[in-house]
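Listed below, chain by chain, are the residues.
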Amino acid sequence: MTLTDIKHKKLVDWVNEIAKMTTPDNIVICNGSQKQYDELIELQVNSGLCVRLNEEKKPGCVLFDSDPSDVARVEKRTFIAAPTAEEAGPTNNWIDPAELKATMTGLYTGCMKGRTMYVIPFSMGPLGSPISKLGVEITDSAYVVNNMMIMTRVGDKVLELLGTDGEFIPCLHSVGKPLQEGETDGGKWPCAPMDDKYISQFPATREIWSYGSGYGGNALLGKKCLALRIATVIARDEGWLAEHMLILKVTSPEGESKYVTAAFPSACGKTNLAMLIPTIPGWKVQTIGDDIAWMKPGADGRLYAINPEAGFFGVAPGTSAQSNYNALAAASKNTIFTNVALTADKDVWWEGIGYDAPGEVIDWNGNPWTQNKADKSQKPAAHPNSRFTAPAGQCPCIAEEWEDPNGVPVSAILFGGRRPSTIPLVHMARNWNHGVFLGSIVGSEVTAATLDVKAGTIRRDPFAMLPFCGYNMGDYFKHWIEVGAAAPSADVLPKIFYVNWFRKTAEGKWLWPGYGDNSRVLKWVFECCNGTAKTVDTPIGIMPTVDAIDRPEGVTEEDMKALLTVDVDGWLKEVEDIRTNHYPKFGSHLPQELAEMLDTLEASLKASK
Ligand code: GTP
Ligand code: SPV
Ligand code: MN
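Quick caveat: nothing in here was measured; it's all calculated off a predicted structure.

Draft legend 1. View of the site of ligand 2. Near ligand 2 you find Arg73, Gly216, Gly217, Lys223, Lys224, His244, Ser266, Asp291, Phe313, Arg387, Ala449 and Phe468, and these make up its full shell. In the environment of ligand 2, an oxygen atom lies 2.9 Å from a nitrogen or oxygen atom belonging to the side chain of Lys224. Look at ligand 2: alone it shows 290 Å² of surface, and the protein chains cover 98% of it. The set of elements that each furnish at least two residues to the shell around ligand 2 consists of α7 (216-219) and α8 (222-238). Among the residues forming the shell around ligand 2, the class breakdown is three nonpolar, four polar and five charged.

Draft legend 2. Structural detail: the pattern of salt bridges. Counted under the stated rule, the structure contains 35 salt bridges. The partner of Arg73 in a salt bridge is Glu75, and the shortest N-O contact between them spans 3.2 Å. Both residues of the pair, Arg73 and Glu75, belong to the buried class. A salt bridge links Lys606 to Glu602; the shortest N-O distance between them is 3.3 Å. You can see Lys606 and its partner Glu602 sitting in helix α16 (residues 592-607), four residues apart, about one turn around the helix.

Draft legend 3. Molecular detail of the sheet that holds strand β18 (residues 336-338). In spatial order, the strands read β2-β3-β18-β23-β17; together these five strands make up an open sheet with mixed pairing. Two strands close off the open sheet at either side, each with one partner strand: β2 (50-52) and β17 (311-315). Pairwise comparison of adjacent strand axes, ignoring direction, gives a mean angle of 20 degrees for this sheet. With three bridges connecting them, β2 and strand β3 (residues 62-64) associate as antiparallel partners. In the sheet register, Cys50 faces β3, and the bridge partner there is Phe64.

Draft legend 4. Representation of the coordination of the manganese ion (ligand 3) within the structure. Bound to the manganese ion (ligand 3) on the protein side are Lys224 (NZ), His244 (NE2) and Asp291 (OD), at distances that span 2.1 to 2.3 Å. If you look at the manganese ion (ligand 3), its six donor atoms make angles of 75 to 175 degrees with each other, and the shape they trace is octahedral. Binding-site remark: the manganese ion (ligand 3) is held by donors from one chain whose sequence spacing is K-x19-H-x46-D. Of this pair, Lys224 sits in helix α8 while Asp291 sits in the loop between β14 (284-289) and β15 (293-297), placing them 67 residues apart in sequence. Here Lys224 matches Asp291 in class, with each residue buried.

Draft legend 5. Quick look at the site of ligand 1. The local shell around ligand 1 holds 22 residues, among which Ala267, Lys270, Asn272, Arg387 and Tyr515 are the closest. Asn518 is positioned with one of its side-chain polar atoms (N or O) 3.0 Å from an oxygen atom of ligand 1. Surface burial for ligand 1 is 93%, taken as the share of its 650 Å² of free accessible area covered by protein chains. Put simply, the parts of the chain that give the shell around ligand 1 at least two residues each are α9 (270-274) and β17. Take the shell around ligand 1: its biggest share by element is three residues, from α9. Among the residues forming the shell around ligand 1, the class breakdown is ten nonpolar, eight polar and four charged. Built from parts of two domains, the shell around ligand 1 gets at least three residues from each of domain 2 (243-307 + 402-608) and domain 3 (311-394).

Draft legend 6. How the structure looks around the side chain of Ser444. Residue position: Ser444 is located in strand β26 (residues 443-445). Here Ser444 is in contact with Pro265, Cys268, Gly417, Arg418, Arg419, Thr457, Ile458 and Arg459, once residues within four sequence places are set aside.

Draft legend 7. Seen up close, the pairing of strand β24 (residues 408-416). Counting buried positions along β24 gives nine out of nine residues, so the element sits mostly inside the fold. One ladder, built from five bridges, connects strand β13 (residues 257-263) with β24; its direction is parallel. Looking across to β24, one finds that Val260 is bridged to Ala412. Of the pairings in the sheet, the one linking strand β16 (residues 303-306) to β24 comprises two bridges and is antiparallel in character. Among the inter-strand pairings, Ala305 is bridged to a residue of β24, identified as Val408. Sheet analysis places β24 next to strand β28 (residues 495-499), joined by five bridges and oriented parallel. Its bridge partner being in β28, Gly416 is matched across the sheet by Val499.

Draft legend 8. View of the nonpolar core. Leu273, Phe337, Leu414 and Trp480 are the most contacted members of the largest nonpolar core, which totals 172 residues. The element that contributes the greatest number of residues to this core is α8, accounting for nine residues. When residues no more than four places from it in sequence are discounted, the contact partners of Leu273 are Leu246, Leu248, Ala262, Phe264, Val285, Leu414, Trp501, Asn518 and Leu522. Listed in part, the 34 residues of the second largest apolar core include Leu107, Leu162, Leu172 and Tyr211.

Draft legend 9. Here's a closer look at the packing of aromatic side chains. Within the structure shown, the criterion is met by 26 aromatic pairs. Considering the side-chain rings of Phe463 and Trp480, the 4.8 Å spacing of their centres and the 45 degrees angle between planes classify their relative orientation as tilted. Placement of the pair is Phe463 in the loop between β27 (458-460) and α12 (473-485) and Trp480 in helix α12, with a sequence separation of 17 residues. For Phe463, a relative accessible area of 0% puts it in the buried group. Judged by relative accessible area, Trp480 falls into the buried class, the value being 0%. Clustering of aromatic rings is evident, with ring pairs tying together Phe415, Trp432, Phe463, Tyr471, Tyr476, Phe477, Trp480 and Phe586. Over the ring of Trp240 we find Lys296; its NZ or CZ atom is 3.8 Å from the centre of that ring.

Criteria and thresholds
Residues numbered from 1 in each chain as written. Chains lettered and ligands numbered in written order. Predicted model: local features only at pLDDT ≥ 70, side-chain atom pairs only at ≥ 80, totals over all residues. Heavy atoms only, no water. Near = heavy atom within 4 Å. Polar contact = N/O pair within 3.5 Å; in protein donor to acceptor, adjacent residues only side chain to side chain. Areas by Shrake-Rupley, 256 points an atom, 1.4 Å probe, with all protein chains shown as cover. Helix = DSSP H or I, 4+ residues; strand = E, 2+ residues; numbered from the N terminus. Nonpolar A, V, L, I, M, F, W, Y, C, P; charged D, E, K, R; others polar. Salt bridge = Lys/Arg side-chain N within 4 Å of Asp/Glu carboxyl O. Buried < 20%, exposed > 50% of the residue type's maximum accessible area, 1.4 Å probe, protein only. Pairing = 2+ DSSP bridges. Axes fitted to C-alpha atoms, helices over the stretch in contact; angles between N-to-C directions. Donors = N, O, S within 2.8 Å, 3.2 Å for Na, K, Ca; no water. Tetrahedral: all angles 85-135°; square planar, octahedral: opposite > 155°, others 65-115°. Domains from an automatic or database assignment. Contact = heavy atoms within 4.5 Å. Core = buried A, V, L, I, M, F, W, Y, C linked by side-chain atoms within 4.5 Å. Phe/Tyr/Trp six-rings, centres within 6.5 Å; stacked < 30°, edge-to-face > 60°. Lys NZ or Arg CZ within 6 Å of the ring centre and 35° of its normal.

Following this line, the structure appears as structure tokens:
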């Protein structure tokens, strides 16, 4: 198919307009076929941008190494170009849309010289579903095309759905590295210097302009840019929720199933929880999604969740047969690896894969690397934010209803983050608005998933949406309250929980083993939904009694007490921090309901002393 075969005038005009500005050598329309996928991989193998892995061990897999400067999302270079700074809110970077467009037009002018422009029609959500959204990404990166073909539904079918005048979200992307006459990438990952990178959302016109990065959420524009930043704006206008959440199905030994969503910040355990293998007999967990959930009220008032994605862009380090067998199995074939290490027999290796590096490997920078466990300062062979891009359908525990266009009814919503102290293993909100309060105060240690904020420091990451909300976060809190208020009754709404798998001892050891043992917490959540859980009322909310959750191996009763006791002084510090550093940022956009919740929390904590 060529551009002249496309019957959608607005789309053709837009492609022509972008081609005129960016001056690519040629234009390719992506039809989503395996043949096209293979040809693009072949092209990149031949030009040295990636290597094909061992066909017996990892059939259909390739490994890319990115530029060392282009390894994660860049929050400082991410912009919500709403008409006013106030609409973007205190947590987003804002540039006036006209000014930003002028700057970026300058960068885009001639930026695809020497390259091919790919036009990728894609659907977020099952093809043809009434709740799916269609997008078209223009990119000059074949890597982006291959990744988008795994992460979204791409191709002719989308063009058919678009017809002559269907609605689509235009997503423009360039790596920002034009080639001079006769110049090639020479096997090096193309991208632009940091100060030229822009990941821009224009919420009023629902456009995405991304320049200078080829990595993950910066470049696969269906994911964070469309399915979160732009979708939050659409969801606000239409009365639903676009969230940074996994979706799982948990089934009890009695055969009763419930659906649970969970919002944890980047690299804080969504993929792992979504695919966990329970350590408690008879329980089963299956996956609907691992990163993004769109939740809409159904006719019965319940919230129904769909996974808008078609693949997993998962964190590689720490993924082992022990910690996440299902993710490894999903990524065992037809997978794109980025920034992991390459073994001598052309397999992949990373820190926490479950076995030592087999002899000398090639690290993510392309250098020979031999594991030296005695050397604590040895740099990792795989980048901490190295990733696998795997088709969701290959996951052994994918739920059969994962592509149900109607979504699945949600019984429980979890919030969480990495908190070495203070936050207990689990507590339940008293009601919907209290749950919104808990979402609004989420804090977490920063991880390697964002490049320009120091990893390890704790920051507030409300709803795990800090880098992903397309409008004023204070108004987003309000929207959550309104979604609750619009429900026909409180009992159709999901129950809301706050979990923390990341408590540490004074010596810095994990207090809770996590992973499969998190099923023990899911069981308590399940019981709370049925009204059969053993609970105790505390100043911070409803908690399990110390014997309500079966202890995993190696966790003493003492540990369990530490995990489930309210640290009153720690929480008072938390309140103080929220009161002075967090809530004031939102000014008049902070819902009164949340300010009152904070007062109530403080009073209950003080009364309990
Ligand atoms: P994004 O894709 O960035 O949104 O991340 P994610 O939330 O899906 O995180 P993921 O499940 O990939 O986990 C990131 C890291 O956290 C991995 O290194 C995991 O091994 C580690 N992790 C996940 N679950 C647990 C847990 O229960 N306990 C501990 N200690 N670590 C965990
Ligand atoms: C995240 O950072 O939350 C991710 C990876 O899921 S990326 O797609 O790069 O945003
Ligand atoms: Mn994510």
